[in-house]
Amino acid sequence: TGVDFNDNVKARFGTGNDLQIYHDGTSSFISEHSSGNLLLRCDNYIVLEKNNGENMLRAEADGAVDLWYDNVKKFETQSWGVDVTGTLRADDISLQDSHILKIGSDNDLQLTHSGNDSTISKTTAGNLLIYVEEDFYLKHGTEVMIAAKDDGAVELYYDNSKKFDTNSVGVK
């Protein structure tokens, strides 16, 4: 009812035995041994599943590519981009000039760079709050413009020279 091969016996295809399919007693292999590519072609879906039927990867012809972790979809391509379920962690995220990083269900916190100017926008009602653990500085290069000290003074500078500050009894 089929063709049986013992462990380490390879089914080989191509003049130079370029494609090999075999089992080594522990793992199974489909191996391409030339300068060519290993192509999987279909008109509908390519699916990788665990033996119990759990999804791992599904690629739809002219459509989405979906990735699963422990049978939970985590990543899917869409016509408009990608959708990630869970936390996205990256070493870097780069956006080209004039593209907007939008945060919030209403996209109401936006960061953008025009090529010249950088903007942080809060586009709906509510406050834009900045929380820091210790001191907060607004600088131009190494020159301080504003300093807000933890449990202390707020200082205003002109050309890196302090001109105004608050203290425990008022302002100076």
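Residues numbered from 1 in each chain as written. Predicted model: local features only at pLDDT ≥ 70, side-chain atom pairs only at ≥ 80, totals over all residues. Heavy atoms only, no water.

### Examining the overall build of the chain
- Across its full length, the chain holds zero helices and 16 strands.
- By the compact-globule yardstick of 16 Å for 172 residues, the chain is too spread out, its C-alpha radius of gyration being 29 Å.
- Seen through its C-alpha atoms, the chain measures out along the principal axes to roughly 95 × 35 × 30 Å.
- Buried positions account for 9% of the 172 residues belonging to the chain.
- Nonlocal contacts in the chain, meaning residues at least 24 apart in sequence, comprise 0% of its contacts between residues at least 6 apart.
- For the chain, the computed accessible surface area is about 14,500 Å², with 48% contributed by carbon and sulfur atoms.
- When the 15 positive and 29 negative side-chain charges of the chain are each reduced to one mean point, those points stand 3 Å apart. (Helix = DSSP H or I, 4+ residues; strand = E, 2+ residues; numbered from the N terminus. Rg over C-alpha atoms; globule rule 2.2 N^0.38 Å. Buried < 20%, exposed > 50% of the residue type's maximum accessible area, 1.4 Å probe, protein only. Contact = heavy atoms within 4.5 Å. Areas by Shrake-Rupley, 256 points an atom, 1.4 Å probe, with all protein chains shown as cover. Lys, Arg positive; Asp, Glu negative; His and termini not counted. Charge placed at Lys NZ, Arg CZ, Asp CG, Glu CD.)

### Examining the pairing of strand β10 (residues 109–113)
- Across four bridges, strand β9 (residues 100–103) lies against β10 in antiparallel orientation. Looking at the pairing, Leu-101 lines up with Leu-111 of β10.
- What sits between β9 and β10 in their antiparallel hairpin is a turn of five residues, with Gly-104 showing a positive phi close to 105 degrees.
- The sheet contact formed by β10 and strand β11 (residues 118–122) spans five bridges and is antiparallel. Bridging across to β11, His-113 finds its partner in Ser-118.
- Once β10 ends, the chain turns through four residues before running back antiparallel as β11, passing Gly-115 with a positive phi of about 115 degrees. (Pairing = 2+ DSSP bridges.)

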